[in-house]
Amino acid sequence: MSHVNHNSATSPPLTVAKFGGTSVADFSAMSRSTAIIQNNPQTRLVLISACSGVTNILVELANGVTDSVHRLALLTRLTDIHQSVISQLQQPSPILEAVNSLLDQIATLAEQAALHTSAELTDQLVANGELLSTHLFTQIMIEQGINAVRFDIRDVMRTDSHFGRAIPQPEVIRQLSQQALNPLFANHVVVSQGFIGSDAEGKTTTLGRGGSDYSAALMAEAIDAATLEIWTDIPGMYTTDPRIAPKAKPIKEISFSEAYEMANFGAKILHPSTLRPAIRQQIPVFVGSSKAPELGGTWIRESVSAAPLFRALALRCNQTMVTLTSLNMFHAYGFLAEVFRILAEHKVSVDLITTSEVSVSLTLDQTDTSGGTPKLPQGALEDLTKLCRVEVEQDLCLVALIGNQMSNTKGSVSKVFNTLEDFNPRMICYGASPHNLCFLVKEHDAKPVVKELHRKIFE
Ligand SMILES: Nc1ncnc2c1ncn2[C@@H]1O[C@H](COP(=O)(O)OP(=O)(O)O)[C@@H](O)[C@H]1O
Ligand SMILES: N[C@@H](CC(=O)OP(=O)(O)O)C(=O)O
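Procedures and definitions
Residues numbered from 1 in each chain as written. Chains lettered and ligands numbered in written order. Predicted model: local features only at pLDDT ≥ 70, side-chain atom pairs only at ≥ 80, totals over all residues. Heavy atoms only, no water. UniProt positions renumbered as here; feature names shortened; annotations may be inferred. Near = heavy atom within 4 Å. Polar contact = N/O pair within 3.5 Å; in protein donor to acceptor, adjacent residues only side chain to side chain. Areas by Shrake-Rupley, 256 points an atom, 1.4 Å probe, with all protein chains shown as cover. Nonpolar A, V, L, I, M, F, W, Y, C, P; charged D, E, K, R; others polar. Core = buried A, V, L, I, M, F, W, Y, C linked by side-chain atoms within 4.5 Å. Buried < 20%, exposed > 50% of the residue type's maximum accessible area, 1.4 Å probe, protein only. Helix = DSSP H or I, 4+ residues; strand = E, 2+ residues; numbered from the N terminus. Domains from an automatic or database assignment. Contact = heavy atoms within 4.5 Å. Disulfide = S-S within 2.5 Å. Pairing = 2+ DSSP bridges. Axes fitted to C-alpha atoms, helices over the stretch in contact; angles between N-to-C directions. Buried area = accessible area lost by both parts, 1.4 Å probe. Salt bridge = Lys/Arg side-chain N within 4 Å of Asp/Glu carboxyl O.

If you check an unreviewed UniProt entry, the protein chain appears there as Aspartokinase from Photobacterium lipolyticum. According to the UniProt record, the Sequence similarities (unreviewed entry) comment for the protein chain reads "Belongs to the aspartokinase family." A UniProt comment under Catalytic activity (unreviewed entry) is attached to the protein chain, and it reads "L-aspartate + ATP = 4-phospho-L-aspartate + ADP".

Caption draft 1: Focus on the site of ligand 2. The environment of ligand 2 is made up of Lys-18, Gly-20, Gly-21, Ser-49, Ala-50, Thr-55, Glu-130, Phe-195, Arg-209, Gly-210, Gly-211 and Ser-212. In the model, an oxygen atom of ligand 2 is placed 2.7 Å from a nitrogen or oxygen of the Arg-209 side chain. A distance of 2.7 Å is found between an oxygen atom of ligand 2 and a backbone nitrogen or oxygen belonging to Gly-210. Burial of ligand 2 by the protein chains amounts to 82% of its free accessible area of 340 Å².

Caption draft 2: Focus on the site of ligand 1. Not every one of the 17 residues close to ligand 1 is listed here, only the nearest: Thr-232, Asp-233, Asp-241, Arg-243 and Lys-268. One of the backbone N or O atoms of Gly-21 is found 3.3 Å from an oxygen atom in ligand 1. Between an oxygen atom of ligand 1 and a main-chain N or O atom of Ile-269, the distance comes to 3.5 Å. Protein burial of ligand 1: of its 580 Å² of free accessible surface, 90% is covered by the chains. For the shell around ligand 1, the residue count by class is six nonpolar, six polar and five charged.

Caption draft 3: Spatial organisation of the nonpolar core. Of all hydrophobic cores here, the largest spans 106 residues; its most connected members are Leu-61 and Ile-300. Looking at which element gives the most residues to this core, the answer is helix H4 (residues 93-115), with eight residues. Two domains each donate at least three residues to this core, and these are domain 1 (15-232) and domain 2 (311-458). Setting aside anything within four residues of it in sequence, one finds Ile-300 in contact with Met-237, Ile-254, Ser-255, Phe-256, Ala-259, Leu-270, Leu-275, Pro-284, Val-285 and Val-287. Listed in part, the 20 residues of the second largest apolar core include Leu-315, Val-413, Leu-420 and Leu-437.

Caption draft 4: Main features of the UniProt feature "domain: Aspartate/glutamate/uridylate kinase" (unreviewed entry) in the protein chain. Within the UniProt annotation, "domain: Aspartate/glutamate/uridylate kinase" (unreviewed entry) is assigned to residues 14-288. Taken end to end, residues 14-288 is 47% helix and 14% strand, and its two terminal C-alpha atoms sit 18 Å from one another.

Caption draft 5: The arrangement of the UniProt feature "domain: Aspartokinase ACT" (unreviewed entry) in the protein chain in detail. In the UniProt entry, the feature "domain: Aspartokinase ACT" (unreviewed entry) is given for residues 323-369 and 399-456. The annotated region residues 399-456 carries 36% helix and 28% strand content, and the separation between its end C-alpha atoms amounts to 15 Å.

Caption draft 6: Just the state of the cysteines, in detail. For the coordinates displayed, the defined rule picks out one disulfide. Between Cys-317 and Cys-397 runs a disulfide, and the two sulfur atoms are separated by 2.1 Å. Classification of the bridge connecting Cys-317 and Cys-397 rests on its S-S torsion, roughly 105°, and on that basis the disulfide is right-handed. Note that Cys-317 is positioned in strand S11 (residues 310-325) and Cys-397 in strand S14 (residues 389-403), a separation of 80 residues in sequence. In this structure Cys-317 comes out as partly exposed when scored by relative accessible area, which is 33%. Of the residues examined, Cys-397 reaches a relative accessible area of 0% and is grouped as buried. Its sulfur unpaired, Cys-388 is 19 Å from the next cysteine sulfur, which belongs to Cys-429. Residue Cys-388 is classed as buried on the basis of its relative accessible area, which comes to 8%. Of the cysteine sulfurs around Cys-438, a residue in no disulfide, the closest is that of Cys-429, at 4.7 Å. For Cys-438, a relative accessible area of 1% corresponds to the buried category.

Caption draft 7: The arrangement of the sheet that holds strand S7 (residues 227-232) in detail. What the eight strands build is an open sheet, ordered S3-S4-S2-S1-S7-S9-S10-S8; its pairing is mixed. At either end of the open sheet lies a strand with only one pairing partner, and these are strand S3 (148-150) and strand S8 (253-255). Across the sheet, the mean angle from the axis of one strand to that of its neighbour is 20°, orientation sign disregarded. As defined by bridge partners, strand S1 (residues 15-19) adjoins strand S2 (residues 43-48) across five bridges and the pair is classed as parallel. The partner of Ala-17 across the bridge, within S2, is Val-46. Helix-sheet contacts for helix H1 (residues 27-39) involve S1, S2, strand S4 (189-193) and S7, and the interaxial angle to S1 is about 170°. Sitting on the sheet, helix H9 (residues 212-222) is in contact with S1, S2 and S7, with an inclination near 170° to S1.

Caption draft 8: Spotlight on the domain arrangement of the protein chain. Here the protein chain is partitioned into domain 1 (15-232) and domain 2 (311-458). Placing the centre of domain 1 and that of domain 2 at their C-alpha centroids yields a distance of 34 Å. Counting residues at the interface gives 11 residues for domain 1 and six residues for domain 2. Carbon and sulfur atoms supply 51% of the area buried between domain 1 and domain 2, which totals about 580 Å² over both sides. There are zero salt bridges connecting domain 1 and domain 2. Our enumeration of links across domain 1 and domain 2 arrives at four residue pairs in polar contact (both at pLDDT 80 or more). In terms of residue count, the dominant contributor to the side of domain 1 that touches domain 2 is helix H5 (residues 119-126) (three residues). Partitioned by chemical class, the residues of the side of domain 1 that touches domain 2 number three nonpolar, five polar and three charged.

This is how it looks when you write it as structure tokens:
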């Protein structure tokens, strides 16, 4: 798909701004975020996540809480989070009915989930977090004097019906958005939901945990925005998660391809798919902190001034590794084809892969909205077992070193391998991309490995 980014003389450049859960956690966070929107008159579309912690509660309910006392306690926590914002509004009345009806709907769906849960029901239930937060946020914006209007993103965010990890349909989203949203931009700032969408039958879907970043990028693409802003709780992308290595340094500017690798390899600050629409349409992305916008942040764009050998370290936990061993693989052909036929038949998506003469190790792709560690479906396990020996290992984390020309630079990885000597990596992938070197380690080793590598490479 290729559309020329607008910015024509007739239409002013638009900014899409996304505010994550911590940026809409409570009344003061929402008010800070509102001020950021007010400071940029180009911001015409605002996508927000559920208030911090809400999606986790909804996922727990969706997984089926049979203990009615615990279920009630979770529902009460949800009510309290939203009620505390409502109690600080000057004019709560315009949204009270809608908020109460969503909270009632959550209670009903949670009861259903306790009897029988499904991916479809999970999406219906968890979507309520964003449906609720957008009511509160729009009202705060109106009270700040902004001509804000709440819009249900499900009217334009068309996806397939893969509940829990739905695949968006950019061409349909573009068409629907241009019809429904463009007329609103002349006089309004539109507030809408990240993370959620709907399929062709109008059923609610979600894009997977952390999917609001992806939603914002898809919408920026759909409305030909000039800039995408991701507002979070940290002033941009760092050399690694500062929660793991407190001496991590902010990155002022990073290329699309490096940031894409960081997101894909688990830098939680961006959902893995976020940069795909931005790259397709060459939309620069800014990542900043809604708590401290004055600190600036990271610009992600096509070309940047520096391409350092080492850029950042990312960590992704909850990994499952499957090792398939068979002597039939030795000097034979067709074995891997058969393995992938079985995996495809059972809709198993593979992430990383390494092979030797008699074995192949692979990791399973990420999990969906209901969370947890990715599992090899029973049917796939049975079919693979007929072909070879199958070992499944869990409690693993993937550590990725992101940089430039690593596989072409002599001696570049010696520091990495020296550090790894003290640990026992289960799998190493190197050379397939010049931008990363990654390896699997046991979960208890993951943070120490990242800390140590960060100390040796970046401090
Ligand atoms: N390389 C990184 N740079 C910055 N933050 C990172 C990085 N890797 C992981 N993080 C974590 O991502 C968090 C922000 O992501 P997230 O909690 O999903 O925010 P939001 O709720 O705004 O979407 C940060 O607080 C930080 O701990
Ligand atoms: N609320 C959803 C979507 C999301 O993107 O949230 P956040 O922006 O807070 O990561 C989730 O928690 O998965």
